[in-house]
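Structural description and commentary
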Amino acid sequence: MAQRYNIKETENKWRRKWDEANVFEVSEDTSKPKYYVLEMFPYPSGRIHVGHVRNYTLGDVVARYRTAKGFNVLHPMGWDAFGLPAENAAIERGQHPDKWTHENIKSMKKQLLSMGLSIDWSREFATCDAEYYEHEQRMFLKFLERGIAYRKESVVNWDPVDNTVLANEQVIDGKGWRTNAPVERRKLNQWFLKITDYADELLDDLKGLDRWPDKVRIMQENWINRSVGLQFKWDVVGTDHKIEAFTTRPDTLFGASFLALAPDHPMAKVLAEGKDGFDAFIKECQAHGTSEAAIEKAEKIGFDTGYKATHPLLGREVPIYIANFILMDYGTGAIFGCPGHDQRDWDFATKYGLPILPVVVPEDVEGFSVEEEAYTGEGKLANSEFLNGMDIENAKAEIIKRCEEIGYGFGTVQYRLRDWGVSRQRYWGCPIPVIYCEDCGCVPVPEDQLPVKLPEDVSFDKPSNPLEHHPTWKNCSCPKCGKDARRETDTFDTFFESSWYQFRYTDAKNPDLPVDKEKAAYWTTSTSDKNYNGVDQYIGGVEHAVLHLLYARFFTKIMRDCGFIEGVDEPFNGLFTQGMVTHETYQDSKGKWIFPTEAVKGGDGKWTHRETGESVTVGPIIKMSKSKKNVIDPEEILNTYGADAARLFILSDSPPERDLEWTESGIEGAWRFVNKVYASFMDMDLSGSLTDIDESALSDGAKDLRRATHKTIKGIGEAIEAFAMNKAVAFIREFYNAINAFKPAGDADKSALDEAARAFVVLINPICPHLAEELWEALGHKTMLVNEDWPSYDESLLVSDTITIGVQVNGKLRATITLPADADEKAAKEVALAEEKVQRAMDGKALRKFIYVPGRIVNVVAA
RNA sequence: GCGCCUGUGGCGGAAUGGUAGACGCUGCGGACUUAAAAUCCGUUGACCGUAGGUCGUGGGGGUUCAAGUCCCCCCAGGCGCACCA
């Protein structure tokens, strides 16, 4: 009888051996192609969650597979260690953020280690350590010098709960992305990075990122939202004022019937000041909420300033309104309304009785009118003087040309993307290395005084930034004139750290530079892969589609332009976004959420509470969350079932890009498989097997096994490369079933079994590395499997001598026939038509057509 | 409103235009056991049935010898953007 697999002991043994042999430590090696696989690094919250397990398992499969395929694989790990939870912990528990963070890192690292990941831990770093963030400060000084970083007073999104500023990307539906609190608007002096200067490049380069999900590219495209149009001036009649308006439809200029300003447009105040009802109007605009629903329902309202503006080409006058649906922070904050061809303008004009003139008329439409709604489709220009008869594209070009000629306007491009505000009024972040001097103004900290370290002795007893009320830290002397000065107390947005960490890993301990150019180039540019290079495979959650992934792309470009790296335009050549992990929810009789471990299913299918015995309601399967308590603890899973079973289950069933439902039966099934495989291998008798396979001496069953072996080698390789890990697992199980069912008829057959067993172990290694090592050793190998090459498959062994294919009659399957693999149409026809079922289905009708696709199908067309 | 994605057994999901449901989970039957657990073997799309059929990939059309797969229209769910001129 087979011995039982001691999972814990065995898994520990192999992790220790890998560690002792330093097998995952890599360096630049030009004799091999490189492969850089990276998973999004974790925030050190203290415990890993199942999402981490999924993320890092996926990465590890790729890393181990590529290693076996002969690549020099970089697979590093570190900690995204700055951020608010550390400060909250300090406030709630009085524990210093630095201590809290490093303790969390320690416990999380222990958990990650127990997963058996093939990580080069020698490159580990935490972004909260000065050894990391000092380089960020150095780069920032360069950005300042280059004009990429600048300071200006601006209205910012203020999160009243976190007491800090948020970037536009961090405001969702007018609420803070973390706190969900309504964002306030405040005026503050803030540091910005000129991401808008890179808007075009960020947009254009998306096209080449063909190993990114379309979804993410589209989201970034939407976010940048480039629009081409005309910006031009209108004179305000009877004044010297001019109003600049922006439009993407300059072709509809002759259909203009009003001008509209944003309520907070500087000219709005000037034109409406003191007029009856203006204050009330502004109040009404502000009264509307910022939620989706409010915007959806909000009626378009306007305030007539009484002023008119002169149409730059017609000389005609149109009224100037202030309107609630015009946004100050897009374009120029002023538009002209063309009700005929814009639904918003149509709504507004209808309400205020303004003329609606069609200027674009579709061809071949009887009784065309714009009385019911605006027309936004294609057509020819009408009522538009010199534009009449042109199509929209030509009319746009023509009118931009005319406006430029008369000096009233110019063709231009607008973006929704705003510059990235990077100042945060927090302690636990990278200090911004500048000093304010009364005489010299804002002075960069000289390079030799870097890093500007965070002070350790801080208190969190007052709200807002501890750096601000630290007794001494902010006091310093001006580097220029030596007078008393004060430090910048804001710190960087924590997305700063995660914007360049992918490069730091390539030279993680460099004390002088963010990264050595040569080393960065080896790991990020030396493949023959086209496009922009960067990390070969990046893996993480889709929630970072805009924020992190856009900032990291931008940062890569400015690091390149500032000479910190060379030959890389994009940080991540391949991106894979994994789905969420979900679980059933459970509520007790009082409606309180309870943990899955507290709910038990009885034999009658009814759920009860493990302790109280009262009945439990099973709720929907949703994303694991602490509030719904539908979470499972990876540490418990790893302890109970082992890393291999956890990894196997998390890769089974669901394709990685989709959500995965975590189930007890699923993890148990995986665990059973691990044990079953072990037992089978322990029972396997390979004594007498030959080194060379004597093809002629093999039984039919052995030939089938060899075919299964080579098909599986091909299938798993292709599945992993396509990120179809669920299929790779299915192939593994199918192959196992074939091996387990095989009974060798003699020594020759044993050599086929030996081949299958060896292949199986290497193939399962990326998924269940501990088990694979143990079996490899059991097969008598003295070397570690981790260094073993991926097997190659023999194309000629993939096909069998005979094949079974379906026979259709008029498209319906009626029979299956077995033919020699190389049978020609004549032979196929003979066998197919001889089938009784085929004859019956033909029902005496004449054969009209005979279709034979070798190896695939026979279709008999009868009528 | 616009854009993208998804829809296949009781469930998760397979399927270069070519035998739909691989692989697994669950269920059912059996073996082993004093009994249970574990394990192993068989079975598991629906309907009629003795053989053998009929139906079946969200719905409706179409292309094709052949459609889950391609095209058109619609329905449902999810995600993203959202008064961006």
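This text gives an overview of the structure that appears in the document. Just so it is clear, the model here is predicted, and its values are computed rather than measured. (Residues numbered from 1 in each chain as written. Chains lettered and ligands numbered in written order. Predicted model: local features only at pLDDT ≥ 70, side-chain atom pairs only at ≥ 80, totals over all residues. Heavy atoms only, no water.)

1. A look at the sheet that holds strand E7 (residues 184-193)
Note the cut-off: Two strands are said to pair when DSSP picks up at least two bridges between them. Comment: elements are numbered from the N terminus, with helices defined as DSSP H or I runs of at least four residues and strands as E runs of at least two. The contact criterion used throughout is that any non-hydrogen atoms of two residues lie within 4.5 Å. Orientation is described by lines fitted to C-alpha atoms, with helices fitted over the stretch in contact, and by angles between N-to-C directions that extend from 0 to 180 degrees.
Within the open sheet, the four strands sit side by side as E4-E3-E7-E17. Their pairing is antiparallel. With partners counted over all chains shown, the strands left at the sheet margins are strand E4 (164-166) and strand E17 (420-421), one partner each. Sheet topology note: the strand E3 (residues 149-159)/E7 ladder contains 10 bridges and is antiparallel. Bridge assignment links Val155 to a residue of E7, and that residue is Lys187. Each of E3 and E7 touches helix H5 (residues 130-145); the most contacted strand, E7, lies at about 90° to it.

2. Looking at the protein's contact with RNA strand B
Formally: Note on definitions. A residue lies near a molecule or strand when any single heavy atom of the residue is within 4 Å of it. Counted as a polar contact is a pair of N or O atoms within 3.5 Å, where, for protein atoms, one must be capable of donating a hydrogen and the other of accepting one, and residues adjacent in sequence contribute only when both atoms are in side chains.
Near RNA strand B there are 51 residues, and of these Asn225, Thr248, Arg344, Arg416 and Arg856 occur at the shortest range. Backbone sugar and phosphate groups make up 63% of those atoms of RNA strand B lying within 4 Å of the protein. Side-chain polar atom of Tyr330 to a phosphate oxygen of RNA strand B: 2.7 Å apart, as the coordinates give it. One nitrogen or oxygen atom from the side chain of Ser654 is found 3.0 Å from a sugar or linking oxygen belonging to RNA strand B. With six residues, helix H20 (residues 725-741) is the single largest residue contributor to the surface near RNA strand B.

3. Describing unusual backbone geometry
With an omega dihedral of -5°, the bond running from Leu450 to Pro451 counts as a cis peptide bond. For Pro451, the location among the structural elements is in the loop between strand E20 (441-444) and strand E21 (475-477). With a phi angle near 50°, Glu385 is a residue other than glycine that sits in the positive phi range. Tracing the chain through its elements places Glu385 in the loop between strand E15 (380-381) and helix H12 (392-405).

4. Topic: the packing of aromatic side chains
The criterion, for reference: Any pair of Phe, Tyr and Trp rings, taking the six-membered ring for Trp, is counted once the centres come within 6.5 Å. Such a pair is stacked with planes under 30 degrees apart, edge-to-face with planes over 60 apart, and tilted for the rest. Note on classification: 1.4 Å probe, protein chains only; a residue is buried when its accessible area is under 20% of the maximum for its type, exposed when over 50%, partly exposed between these limits.
Tallied over the entire structure, the rule returns 46 aromatic pairs. Judged by centre distance (5.5 Å) and plane angle (80°), the rings of Phe254 and Phe386 are edge-to-face. A residue pair is termed long-range when its members are at least 10 positions apart, and Phe254 in the loop between strand E9 (242-247) and strand E10 (258-261) and Phe386 in the loop between E15 and H12 qualify at 132 residues. The class for Phe254 is buried, based on a relative accessible area of 2%. Of the residues examined, Phe386 reaches a relative accessible area of 26% and is grouped as partly exposed. The interplanar angle of 50° and the centroid separation of 6.4 Å between the aromatic rings of Tyr736 and Phe760 together place this pair among those described as tilted. Residue Tyr736 is located in helix H20, and its partner Phe760 is located in helix H21 (residues 747-764); the two are separated by 24 residues in the primary sequence.

5. A few points about a negative patch on the surface
The line we're drawing: To count toward a patch, a residue needs a relative accessible area over 30% and no salt bridge; like charges are then connected within 9 Å, while nonpolar side chains (Val, Leu, Ile, Met, Phe, Trp, Tyr) are connected within 5 Å. Accessible surface area values rest on a Shrake-Rupley calculation with a 1.4 Å probe, where residue burial reflects the displayed protein chains alone. Only one rule defines a salt bridge in this text: a Lys or Arg side-chain nitrogen within 4 Å of an Asp or Glu carboxyl oxygen. Residues scored as positive are Lys and Arg, those scored as negative are Asp and Glu, and His as well as the terminal groups of each chain are ignored. To locate a charge, take NZ of a lysine, CZ of an arginine, CG of an aspartate or CD of a glutamate.
Together, Asp700, Asp801, Asp822, Asp824 and Glu825 make up a region of like negative charge exposed at the surface. Its place among the elements puts Asp824 in the loop between strand E33 (812-820) and helix H23 (825-834). Of the residues examined, Asp824 reaches a relative accessible area of 46% and is grouped as partly exposed.

6. Observations concerning the pattern of salt bridges
Under the defined criterion, the tally for this structure stands at 44 salt bridges. Residues Asp205 and Lys557 are paired through a salt bridge, measuring 2.5 Å at the closest nitrogen-oxygen approach. Of this pair, Asp205 sits in helix H6 (residues 199-206) while Lys557 sits in helix H15 (residues 547-561); the two residues are 352 residues apart in sequence, bridging distant segments of the chain. In this structure Asp205 comes out as buried when scored by relative accessible area, which is 10%. According to the relative accessible area criterion, Lys557 is buried, its value standing at 0%. A salt bridge links Arg553 to Glu570, with the shortest nitrogen-to-oxygen separation between them at 2.9 Å. Linking Arg553 in helix H15 with Glu570 in the loop between H15 and strand E25 (575-578), this pair joins segments that are 17 residues apart in sequence. Arg553 gets classed as buried once you look at its relative accessible area, which sits at 0%. The class of Glu570 is buried, set by a relative accessible area of 0%. Several salt bridges share partner residues, and in doing so they unite Glu201, Asp205, Arg553, Lys557, Arg560, Asp561, Asp569 and Glu570 into one network.

7. Some words on the packing of helix H18 (residues 664-683) against H21
Using the following cut-off: Roughly parallel here means an angle under 35 degrees, roughly antiparallel means over 145, roughly perpendicular means 65 to 115, and every remaining angle is called oblique. By convention, the crossing between two helices is left-handed when the near helix turns anticlockwise from the far helix through less than a right angle, and right-handed when the turn is clockwise. Put simply, Ala, Val, Leu, Ile, Met, Phe, Trp, Tyr, Cys and Pro go in the nonpolar bin, Asp, Glu, Lys and Arg in the charged bin, and everything else, Gly too, in the polar bin.
H21 packs onto H18 with a crossing angle of 150° between their chain directions and a minimal axis gap of 12 Å. As summarised for this structure, H18 and H21 are arranged roughly antiparallel, according to the angle between their axes. For the element pair H18 and H21, the recorded crossing hand is left-handed. Contacts from Phe673, Val677 and Phe681 in H18 reach Ala757, Phe760, Val761 and Ile764 in H21. The residue inventory of the contact of H18 with H21, partitioned by class, reads seven nonpolar, no polar and no charged.

8. Section: the sheet that holds E25
In spatial order, the strands read E2-E1-E24-E25; together these four strands make up an open sheet with parallel pairing. Edge strands, defined here as strands with exactly one partner in the open sheet, are strand E2 (72-74) and E25. The average undirected angle you get between the axes of adjacent strands in this sheet is 20°. Judged from the three bridges that link them, strand E1 (residues 34-39) and E2 form a sheet pairing that is parallel. Across the sheet, residue Tyr35 finds its bridge partner in E2, namely Val73. In the packing of helix H2 (residues 50-68) onto the sheet, the strands contacted are E1, E2, strand E24 (537-541) and E25, and the crossing angle to E1 comes to about 175°.

9. Quick look at the environment of Lys275
Secondary-structure assignment places Lys275 in the loop between helix H8 (266-272) and helix H9 (278-287). As for Lys275 and Glu598, which are separated by 323 residues in sequence, their C-alpha atoms are 67 Å apart. The contact partners of Lys275, leaving out residues within four places of it in the chain, are Phe303, Thr305 and Tyr307. Within polar-contact distance, the side chain of Lys275 engages the backbone oxygen of Thr305 at 2.5 Å.

10. Brief notes about the side chain of Asp120
Relative to the helices and strands, Asp120 is located in the loop between helix H4 (97-113) and H5. Exposure remark for Asp120: the relative accessible area of 1% places this residue in the buried category. Side-chain polar atoms of Asp120 contact the side chain of Ser122, separated by 2.6 Å. Filtering out sequence-adjacent residues up to four positions away, Asp120 remains in contact with Phe24, Glu25, Val26, His75 and Pro76.

11. Notes on the packing of helix H19 (residues 700-721) against H20
Pairs of packed helices are described in terms of their axes, by the angle between the two and the distance that separates them. In contact at an axis separation of 8 Å, H19 and H20 are set at 165° when each is read in the N-to-C sense. Between H19 and H20, the angle falls in the class roughly antiparallel. Of the two possible hands of crossing, H19 and H20 adopt the one that is left-handed. Taking contact as the criterion, the partners of Leu705, Ala708, Thr709, Thr712, Gly715, Ile716, Ala719 and Ile720 in H19 are, on H20, Met725, Lys727, Ala728, Phe731, Ile732, Phe735, Ala738 and Ile739. Partitioning the contact of H19 with H20 into residue classes produces 12 nonpolar, three polar and one charged.

12. With respect to the pairing of strand E35 (residues 857-862)
Pairing analysis gives four bridges linking strand E32 (residues 802-809) to E35, with the strands arranged parallel. From the neighbouring strand, Val809 faces E35, where its bridge partner is Val860. Relative to E35, strand E34 (residues 847-853) is paired through six bridges, and the arrangement is antiparallel. Note that in E35 the partner of Tyr852 across the bridge is Val858. In sequence, E34 turns back onto E35 through a hairpin of three residues, with Gly855 there showing a positive phi of about 80°.

13. Some details on H19
Since the α-helix advances by 3.6 residues per turn, residues separated by three or four positions end up pointing in the same direction. Our working definition: The length a helix should cover is 1.5 Å for every residue beyond the first.
Its 22 residues place the ends of H19 32 Å apart at the C-alpha level, agreeing with the 32 Å of an ideal helix rising 1.5 Å per residue. Phi turns positive one or two residues past the end of H19, at Phe723, with a value near 60°.

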